[in-house]
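For reference, the chains in residue letters:
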Amino acid sequence: MKRYSCSSILQTAAMGILVFLLSACGASHNIVYMQDIQPDVMVALQENKPITLQPGDKLRIVVHSRDNELAQMFNLNGGAQNLGGTNNASYYTIDKEGKIDMPILGLISAEGLSRMDLANLIKYRLVSGKLVRDPVVTVEFSNLSFYVLGEVNKPGRHLIDRDRVTLLEALAEAGDLSINGKRDNVLVLRTENDQQIPYRVDLRQASNIYASPVYYLKQNDMIYVEPTEVRANQSKLNANSARTPAFWFSIFSMLTSVILFITK
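Residues numbered from 1 in each chain as written. Predicted model: local features only at pLDDT ≥ 70, side-chain atom pairs only at ≥ 80, totals over all residues. Heavy atoms only, no water.

A. Representation of the overall build of the protein. Of regular secondary structure, the protein possesses eight helices and ten strands. In the protein, buried positions account for 32% of the 264 residues. On the protein, roughly 16,000 Å² of surface is accessible, and the fraction owed to carbon and sulfur atoms is 56%. (Helix = DSSP H or I, 4+ residues; strand = E, 2+ residues; numbered from the N terminus. Buried < 20%, exposed > 50% of the residue type's maximum accessible area, 1.4 Å probe, protein only. Areas by Shrake-Rupley, 256 points an atom, 1.4 Å probe, with all protein chains shown as cover.)

Here's what the structure looks like:
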């Protein structure tokens, strides 16, 4: 029977530990965001793109004026109640033709406009028609949202309450990626022209993030963070996969037992 020296066994164990440490270093390289950013180097950003309205969006629109009685004619449920944020507030829904139907003003095309664009358009219609003096129009989003799934700390539906939301801001609202989330292949699904289009983003590269068409999110975008291979293996029945810490711990324990047996 061939016998092995203690030194050779120790060398083998050391090599196994070294391999484990090297793999751990490689894993840490995969969890750092925007690794290509250089000190004192300006990063070019995309033009600010506010969210534009689409059919199905619900809006809260209130007209204010010095002549309060006239202004109330353009507000659903009296407008004044809406200002208090009560449950009595009513909302305009953009129809499939991309329009809303306001009292007296009639149909107004809203699709493709930003929140501020629509407010300015309504104000123009009121002033040009000499319907209200010095109107102030506020437009607020009601049901706009995005979704985050997968390896994040707070998955689910997140409301949009401002004119623009970036992908990084969305992930921050979802509590950031967990340690088990793949940073190099984040999937964003976007519905355009009745088709769902997939986009992939590598969070490790700032150039990839800022140049992506989904850097600025739109309503109903769905973000999916894929689990790492280690995480995927842990979910299988064979949890002691060769890529998991449990596997390396069992190997180390076995080698230690063999060394103790031989040296007796």
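Once the structure has been displayed, the description carries forward.
B. Highlighting the confidence of the model for the protein. Residues of the protein with pLDDT of at least 70 account for 73%, and the chain-wide mean is 82. Per-element confidence in the protein is highest for strand 10 (residues 222-225), whose mean pLDDT is 98, and lowest for helix 3 (residues 80-83), whose mean pLDDT is 42. Note on residues 17-26: pLDDT is under 50 here. Beyond four places in sequence and across chains, it has three contacts. (pLDDT = per-residue confidence, 0-100. Contact = heavy atoms within 4.5 Å.)

C. Summary view of the side chain of Asn75. Positionally, Asn75 belongs in the loop between helix 2 (68-72) and helix 3. With residues up to four places along the chain from it excluded, the contact list for Asn75 reads Ile61, Val62 and Val63.

D. A look at the packing of aromatic side chains. Considering all chains together, one arrives at two aromatic pairs under this definition. With a centroid separation of 5.2 Å and an interplanar angle of 70°, the aromatic rings of Tyr210 and Tyr215 are classed as edge-to-face. For the pair Tyr215 and Tyr216, a centre-to-centre distance of 5.0 Å together with 75° between the ring planes defines the contact as edge-to-face. Assessed through its relative accessible area of 9%, Tyr215 is described here as buried. Of the aromatic side chains, those joined through ring pairs into one cluster are Tyr210, Tyr215 and Tyr216. (Phe/Tyr/Trp six-rings, centres within 6.5 Å; stacked < 30°, edge-to-face > 60°.)

E. Inspection of a nonpolar patch on the surface at higher detail. On the surface, Ile31, Val32 and Ile179 cluster together into a nonpolar patch covering about 250 Å² of accessible area. Along the chain, Ile31 turns up in the loop between helix 1 (6-29) and strand 1 (58-64). (Patch = residues over 30% accessible without salt bridge, like charges linked within 9 Å, V, L, I, M, F, W, Y side chains within 5 Å. Salt bridge = Lys/Arg side-chain N within 4 Å of Asp/Glu carboxyl O.)

F. Examining the pattern of salt bridges more closely. Overall, the coordinates contain ten salt bridges when judged by the stated rule. With its nearest N and O atoms 3.8 Å apart, the salt bridge here joins Glu192 to Lys218. Separated by 26 residues along the polypeptide, Glu192 in strand 8 (residues 186-192) and Lys218 in the loop between helix 6 (206-211) and strand 10 bring together distant segments of the chain. Salt bridges linked by common partners bring Asp161, Arg162, Glu169 and Glu173 together as one network.

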